[in-house]
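Structural overview
This is what each chain is made of:
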Amino acid sequence: MSRRVPPGGFFEGGGSPFGRLPTEPSFPTIRVSRRGVFWIVAISVALLILFLLKPFATLYTDYLWFRALGYGGVFGTRFAAQIWSFFIFAIVFWVIGGANVLLALNSNTGRRLSSIGIRQRPLTAPSTLLALLAVFLLGLLFGRIAAGSWQTILAFLNQKPFNVQDPIWHKDVSFYVFSLPFYRFVWGWLLWVVILMMLVAGGVYVSRTGLQNFALPVRAIRHLSVLAAAFALLLAVHYRLDIYELLLSKRGFVYGIGFADAAARIPAYWIMTVLMVLIAVGLLINSFGARLVVLLSLIHISEPTRQAEI
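Residues numbered from 1 in each chain as written. Predicted model: local features only at pLDDT ≥ 70, side-chain atom pairs only at ≥ 80, totals over all residues. Heavy atoms only, no water.

**Focus on the pattern of salt bridges**
Between side chains of opposite charge, pairing is possible as soon as their charged atoms come close. Here is the rule: Any carboxyl oxygen of Asp or Glu within 4 Å of a side-chain nitrogen of Lys or Arg constitutes a salt bridge here. Secondary structure follows DSSP: runs of H or I at least 4 residues long count as helices, runs of E at least 2 residues long count as strands, and numbering of each begins at the N terminus. Exposed residues in this analysis have more than 50% of their type's maximum accessible area, buried residues have under 20%, and partly exposed residues fall in between, with area computed by a 1.4 Å probe over protein chains only.
Scanning the model with the defined rule gives 4 salt bridges in all. The partner of Asp62 in a salt bridge is Arg78, and the shortest N-O contact between them spans 3.2 Å. Of this pair, Asp62 sits in helix 1 (residues 34-69) while Arg78 is found in helix 2 (residues 72-105), placing the two residues 16 residues apart along the sequence. Arg78 carries the same exposure label as Asp62, and that label is buried. Within the structure, one salt-bridge network assembled from shared partners comprises Arg184, Asp242 and Glu245.

Structure (structure tokens):
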């Protein structure tokens, strides 16, 4: 007895059964040839030379000027402060940026490739190398920003007390002359670093998962929650520094803290400081639960409070 074969073959539609298997979610891959890597490195080196050419030319001109006036030692102190500030802040940025980029790039790719039997080398992947190159160049930029504030850093490290206290917070006047500008500079520098890391990490996670269902993996939500908590803590520091800076403010013909400051602004700043700390704690707790709804809601709460500054 013969079995009749269907016209379309053993499978309906005449196709292979493997074509109906669920496919693995697609994610962007970067393929760079050797020539592409060469041109990327060459352009980066050219940008690095242009980035360093003007500062070194300015330093050499200043060195000739100071030496002609007999103040070579003063120039040496300034140069040492700029060099140390540049490298310390650049290294801090490289550590923070490299850790966040590697964590974002290697968060969910390994599971997808290992599930289909493909081995990967995340540290030598083209996307990882290009991302680390971008972190290196950005670290030079942030280091240069710190080197431009060498006077603030040097004044903080060599401050001396004035032995005069302010009548409001009972702090030495040297705090407002040397420490407060340095704290404000470090706050602004870290704020831009955290914002940049949030944008980079969020962009990597969204590009890997796609925008169809916007289902971020658990590791991504934890990572973004920690970055958002750092952002909230920096906002708390901002409002705390604003309280001290009220002593240096001018409104009309009056310098320092007035009646409106004591009655309204200082309590408002304290409320915002405590609120930002509570939001940061909530975000850190959410990093263990890894819930996207909680992350978005806490970020939404912190946004109007930032705009409510008096």
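**Some words on the environment of Ala229**
Threshold: By the convention used here, residues are in contact when the closest approach between their heavy atoms is within 4.5 Å.
Residue placement: Ala229 occurs in helix 7 (residues 218-245). Note on Ala229: relative accessible area 1%, which makes it buried. When residues no more than four places from it in sequence are discounted, the contact partners of Ala229 are Ala280, Leu283 and Leu284.

**Things to note about the nonpolar core**
The following threshold applies: Grouping buried Ala, Val, Leu, Ile, Met, Phe, Trp, Tyr and Cys residues that are joined through side-chain atoms within 4.5 Å yields what is termed a nonpolar core.
The biggest cluster of nonpolar side chains holds 24 residues, and the ones touching the most others in it are Phe89, Phe93, Trp189, Val193, Ala201, Tyr205 and Leu216. Taken together, the elements giving at least two residues each to this core come down to helix 2, helix 4 (126-148), helix 5 (150-157), helix 6 (173-209) and helix 7. With 8 residues, helix 6 is the largest single contributor of residues to this core. Aside from chain neighbours lying at most four places away, what touches Ala201 is Ala104, His223, Leu224 and Leu227. Among the nonpolar cores identified, the runner-up in size contains 15 residues, and Ala228, Leu246, Ile266 and Ile279 belong to it.

**Observations concerning unusual backbone geometry**
Phi at Asn163 is positive, roughly 60°, even though this residue is not glycine. We classify Asn163 as exposed; its relative accessible area is 68%. The backbone of His170 shows a phi angle near 55°, a positive value even though the residue is not glycine. Mapping His170 onto the fold places it in the loop between helix 5 and helix 6. Classification of His170 by relative accessible area gives exposed; the value is 53%.

This is a description of form; function is not addressed.
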